[in-house]
Amino acid sequence: MHKSMSLTQLFTATFRLSAFTFGGGYVIISMMRRNFVEDRKWLQEEEMLDLTALAQSAPGAVAINASILTGYRLLGYPGALVAVFGTILPPLILLSTISFFYIQFKENFYISAFMKGTSAGVAAVILDMVVRMAKKILTEESFFAIAILLLSFISSLFFGADVRLVIFGSGLLGLLRAYYANRKFKGVRS
Amino acid sequence: MLYLQLFWSFAQIGLFSFGGGYAALPIIQKQVVSVHHWLTLQEFMDILAISQMTPGPVAINTATFVGMRVLGLPGAITATLGCVVPSFMVVLIIAYFYNKYKNIWVMQGLLAGLRPATVSLIATSGLGILIAALYHVEIEAFAIKNIASLDIPAAATFIFGMFLLGKRRSDPIYIIIGAGFLGIVFALF
């Protein structure tokens, strides 16, 4: 657990991030990574990658899962609760307000031009994170990690493999590899 | 009991949607349109459009919207909690095991496989968003012959954004808001 942070800080951080998460769950992960790992040093790169992998593998929205996991990692159960409230409040407030005039909202020229514009920015934010994370994995120079990276990338991009299948398959391969490595290690000792 | 129905419907959405975002849409549509008739198909499409224009996960946005329509603000809160509570519990169990056993070979092995796969899945999703931003087509429908129909302002925004993020370490929030305002400027002129 982290000593130099409080629940209030965690709430403000998640609220602020969630209020600007246009374009889906991976944006909030990019922002969390930038904010929690690079700027505030609350988490290490490796941990953030683990939490992202777990958020992706659990049921429910990735953004919500990621904030529960980081909240718990940083400040235990209260942290998880505070982080999830910080994350759901902005869309709850916004959408309940918009629901009164959603047709006008949807058809407003400025709002839709703004939103169309953000998607190029969202793509930049996500791909910038991908480059950093991929670099981290590639510099570890583990043949296994690089193989999984390419295999899952090709199968999801070119063959449209289901997210569940990719997660299950890569988790299984990781387990099998660890199992055999573990057995070999024990075999050498005995 | 409408509150319970709302909660339970969205709890199912929260529990059975994996991979987030658009993978959840068929489940949401089934619960909200086909089973309970809380929204018409047109309203559901509207809320999807709005969901893309506002921050927050699609499931949470739909929950808030449907809740408001059915029972007002208490309904919105009930539906949103329904969406979050079940996965909150599942994720907390995962978080507990992760923190307790992260140095055990089973967990290490699992994560060694999941980490690179996660990066690939995010890359695929990011490329999908990029193709949609630059060519206004779904990534599945994209082909080499579309290459010429590039949206140049969007491409410029993307390259400028990558530059600011990579070289200047700009805050992602400013990149996204800046891209939005550029979008208004390009739409006006």
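Predicted, not measured: the structure shown is a model, and the values here were computed from it. (Residues numbered from 1 in each chain as written. Chains lettered and ligands numbered in written order. Predicted model: local features only at pLDDT ≥ 70, side-chain atom pairs only at ≥ 80, totals over all residues. Heavy atoms only, no water.)

With that out of the way, let us pick up the overall build of chain A. Helix and strand counts for chain A come out as eight helices and zero strands. When its helices and strands are written in sequence order, chain A yields α-α-α-α-α-α-α-α. With respect to the principal axes defined by its C-alpha atoms, chain A has extents near 70 × 45 × 25 Å. Counting across all 190 residues of chain A, residues that qualify as buried make up 53%. (Helix = DSSP H or I, 4+ residues; strand = E, 2+ residues; numbered from the N terminus. Buried < 20%, exposed > 50% of the residue type's maximum accessible area, 1.4 Å probe, protein only.)

This paragraph deals with the interface of chain A and chain B. Facing 98 residues of chain A, the contacting portion of chain B comprises 88 residues. Each partner contributes to the roughly 8,400 Å² buried at the junction of chain A and chain B, and carbon and sulfur atoms together form 78% of this total. It is A:Pro59, A:Leu95 and A:Tyr102 in chain A that bury the most area against chain B; as a group they hold 8% of the surface buried on that side. One can count 13 residue pairs in polar contact (both at pLDDT 80 or more) joining chain A with chain B. Considering each element in turn, the side of chain A that touches chain B owes the most residues, 26 residues, to helix H6 (residues 109-139) of chain A. In terms of residue class, the side of chain A that touches chain B is built from 64 nonpolar, 21 polar and 13 charged. (Contact = heavy atoms within 4.5 Å. Buried area = accessible area lost by both parts, 1.4 Å probe. Polar contact = N/O pair within 3.5 Å; in protein donor to acceptor, adjacent residues only side chain to side chain. Nonpolar A, V, L, I, M, F, W, Y, C, P; charged D, E, K, R; others polar.)

This part covers the pattern of salt bridges. Opposite charge on two side chains allows them to pair when their charged atoms are near. Throughout the structure, instances matching the rule amount to 15 salt bridges over all chains. Between A:Glu45 and A:Arg33 there is a salt bridge, with the nearest N and O atoms lying 2.9 Å from each other. Of this pair, A:Glu45 sits in helix H3 (residues 45-57) while A:Arg33 sits in helix H2 (residues 25-39); the two residues are 12 residues apart in sequence, bridging distant segments of the chain. One salt-bridge network, held together by shared partners, links A:Arg33, A:Arg34, A:Glu38, A:Asp39, A:Glu45 and B:Arg169. (Salt bridge = Lys/Arg side-chain N within 4 Å of Asp/Glu carboxyl O.)

With that settled, the discussion passes to the confidence of the model for chain B. Scored by pLDDT, chain B has a mean of 86; 97% of the residues are at 70 or more. No element of chain B has a lower mean pLDDT than helix H3 (residues 41-53) of chain B, at 81, and none a higher one than helix H6 (residues 152-167) of chain B, at 91. (pLDDT = per-residue confidence, 0-100.)

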